[in-house]
Every structure is written in structure tokens, then in C-alpha cells.
Amino acid sequence: MTKSEPSKVTGNLKAAQGAVKETLGAAVGAKQMESEGKATRAEGNTEVEAAKAKGYAEGAGDSLAGGLKKNVAKVTGNDQKEAEGKARQTKGDAKKAANK
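So, a few notes on the structure that sits alongside this text. (Residues numbered from 1 in each chain as written. Predicted model: local features only at pLDDT ≥ 70, side-chain atom pairs only at ≥ 80, totals over all residues. Heavy atoms only, no water.)

## Some remarks on the overall build of the chain
- The helix and strand tally for the chain stands at 3 helices and 0 strands.
- Reading the helices (α) and strands (β) of the chain from amino to carboxyl end gives α-α-α.
- Its C-alpha atoms give the chain a radius of gyration of 21 Å, clearly above 13 Å, the size a compact globule of 100 residues would have.
- Considered along the principal axes of its C-alpha atoms, the chain spans approximately 70 × 30 × 15 Å.
- Considering only contacts in the chain between residues 6 or more positions apart, those separated by 24 or more positions represent 59%.
- A distance of 3 Å separates the average location of the 19 positive side-chain charges in the chain from that of its 13 negative side-chain charges. (Helix = DSSP H or I, 4+ residues; strand = E, 2+ residues; numbered from the N terminus. Rg over C-alpha atoms; globule rule 2.2 N^0.38 Å. Contact = heavy atoms within 4.5 Å. Lys, Arg positive; Asp, Glu negative; His and termini not counted. Charge placed at Lys NZ, Arg CZ, Asp CG, Glu CD.)

## A word on the side chain of serine 63
- Topologically, serine 63 is positioned in helix α2 (residues 31-76).
- Not counting the four nearest positions on each side in its chain, serine 63 is found in contact with Arg88, Gln89, Gly92, Asp93 and Lys96.

Given below as C-alpha cells:
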């Protein structure tokens, strides 16, 4: 079985579930439950950070490729390709910003 891609949604869900379990364990004095909750919360937070890093890297790639396409098209006078490059660069910049 292969592990799925990291996801901010599932990571946040895991972190929330872990926090609830950790808090409940602490409230009733169940050290094992508290410890398991803490581990689940940490696992969820790690998944969120991995998803953010992946998204940032993808955004950086789009930004770089779009900028290159835009500049080459500008030099060659191809307005259509220049617009496509600018759009891809903008998309990449937005994805980087969303994953900081």
C-alpha cells in the first residue's frame, strides 16, 4: 500500500483529532491516551508542513517556468505566449504565497 500525498486538510484533521484526544486524556488522567493524542497531533502538523512545502515548490516551479516563457516570448514578439507565461508566473506566485 502506498502512502498518499501530504494534504493540509487531512493533516489539520489529524492534528485536531490528536489535540482532542490529548486534552481528553489529560482531563481524565489517562496518560497513554494523552500521549497518543500528542503523537497524532504532531503527525498531523508534520503532514500540514509537508503539504505546504510541496505546494511552495510547485509554485516556485510554475513561477520560474512562466517567467522564462514570458521573457522569451517578449524577446521574440509573441504576445500570446507572453500572456501565457505571465499567467503561469502569476499562478505560481499565488501558490507560493498560499503555502508559506
